[in-house]
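Understanding the architecture of this molecule
Read off the chains here:
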Amino acid sequence: MNVEQALALIRTIPDYPKPGIIFKDITPMLANGEAFHVVTESLAAFASPTCAIAGIEARGFIFGSTIATYLHRGFIPIRKSGKLPFTTHSRNYALEYGESTLEIHIDAIALGQDVLLVDDVLATGGTMCAAIELIGACGGVVRDIATILEIPGLGGRARISALHPGIAIHTLISS
Ligand code: AMP
């Protein structure tokens, strides 16, 4: 199976989780072992030789973990509020469909460590920008961002590029 065939398994659910949102559901792609593998492999190609892999809860954990395992790298979880047991840095942010808070352990990343930041979908970019700030607060440096899918009409790429021009933004598909 090639990556295009794998990505074709992503389905669109209109009006979820609320009216007007066109939700990209990756679960049929995850359920196919060949598709899961080829998408993991494609995303892992965006990692630099020395970067750590960070993933954003919840769906960024799925591919962040598989990429980290595939590359024999460490995985850094960026979690929703109240889930991490040690001292955290915290950022509030606006979503396409609501508001949320992300957190990271203060000792999650070594000073100056390069990071590949992973999530499933790039929409408005609010989630990614919050996660980039959290990694920076720990002393890490996001060099690359990887998502499976980008929704270009929502401006996430432009927002991230304006705030963080040094970060390379990689997506497997734009829809
Ligand atoms: P944003 O912060 O607006 O870029 O939204 C990205 C985050 O929200 C990611 O963690 C996605 O999992 C989720 N998300 C936003 N919009 C969608 C969508 N249309 N379909 C699936 N997930 C989405």
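Heads up: these notes are all about the structure in this document. Just so you know, the residues in each chain are numbered from 1, in the order the chain's sequence is written. Under the rules for a predicted model, residues below a pLDDT of 70 receive no local features and side-chain atom pairs below 80 are neither given nor counted, while totals for whole chains, interfaces and linings still include all residues. Computation of side-chain values: all heavy atoms of the structure, hydrogens and water removed.

1. A few points about the pattern of salt bridges
Rule in force here: Take a side-chain nitrogen of Lys or Arg and a carboxyl oxygen of Asp or Glu: if they are within 4 Å of each other, that pair is a salt bridge. A helix here means a DSSP run of H or I that spans at least four residues, while a strand means a run of E at least two residues long, and both kinds are numbered starting from the N terminus.
Tallied over the entire structure, the rule returns six salt bridges. The salt bridge partner of aspartate 120 is arginine 59, with a shortest N-O separation of 2.4 Å. Taken together, the residues span a long stretch of sequence, with aspartate 120 in strand 7 (residues 114-122) and arginine 59 in helix 4 (residues 59-71) at a distance of 61 residues. A salt bridge links arginine 157 to glutamate 150; the nearest nitrogen and oxygen atoms lie 3.0 Å apart.

2. Quick word on the side chain of threonine 127
Operational definition: The contact definition used throughout considers only heavy atoms, calling two residues in contact when any of these lie within 4.5 Å.
Take threonine 127: it is sitting in helix 5 (residues 126-137). When neighbours within four sequence positions are excluded, threonine 127 is seen to be in contact with Ile56, Tyr93, Leu95, Leu102 and Asp119.

3. Notes on the packing of aromatic side chains
The condition that has to hold: Stacked, tilted and edge-to-face are the three classes applied to pairs of Phe, Tyr and Trp rings, where Trp contributes its six-membered ring and a pair requires centres within 6.5 Å; stacked means planes under 30 degrees apart, edge-to-face means over 60, and tilted covers the rest. Accessible area is worked out with a 1.4 Å probe on protein chains only. A residue is then buried under 20% of its type maximum, exposed over 50%, and partly exposed in between.
In the structure shown here, the tally under the stated rule is three aromatic pairs. Consider the rings of tyrosine 16 and phenylalanine 23, whose centres lie 5.1 Å apart with planes at 85°: the pair is edge-to-face. With a relative accessible area of 46%, tyrosine 16 lands in the partly exposed category. Centre to centre, the rings of phenylalanine 61 and phenylalanine 75 are 5.8 Å apart; their planes meet at 90°, and the pair counts as edge-to-face.

4. A word on the packing of helix 5 against helix 6 (residues 156-163)
Each pair of packed helices gets described by two things: the angle between the helix axes and the distance between those axes. The criterion, for reference: Only the stretch in contact is used when fitting a helix axis, every axis being a line fitted to C-alpha atoms; angles between N-to-C directions are given from 0 to 180 degrees. Should an angle lie under 35 degrees it is considered roughly parallel, over 145 roughly antiparallel, and from 65 to 115 roughly perpendicular; all remaining angles are considered oblique. The classification used treats Ala, Val, Leu, Ile, Met, Phe, Trp, Tyr, Cys and Pro as nonpolar, Asp, Glu, Lys and Arg as charged, and all other residues, Gly among them, as polar.
Contact pair helix 5 / helix 6: the axes reach a minimum separation of 9 Å and the direction vectors enclose 25°. As summarised for this structure, helix 5 and helix 6 are arranged roughly parallel, according to the angle between their axes. Only Arg159, Ile160 and Leu163 of helix 6 make contact with helix 5, whose side of the interface consists of Gly126, Met128, Cys129 and Ile132. When grouped by side-chain class, the residues that make up the contact of helix 5 with helix 6 number five nonpolar, one polar and one charged.

5. Looking at the pairing of strand 4 (residues 75-80)
The following threshold applies: A pair of strands is considered paired only if DSSP assigns at least 2 bridges between the two. We call a crossover right-handed when, viewed with both strands directed away from the observer, the connection leading from the first strand over the helix to the second proceeds clockwise.
Here strand 3 (residues 52-56) runs beside strand 4; their pairing, made up of four bridges, is parallel. The partner of isoleucine 56 across the bridge, within strand 4, is isoleucine 78. Remark: the strand 3/helix 4/strand 4 crossover connection has right-handed handedness. Where strand 4 meets strand 6 (residues 98-105), two bridges bridge the pair, whose relative direction is antiparallel. Bridging across to strand 6, lysine 80 finds its partner in leucine 102.

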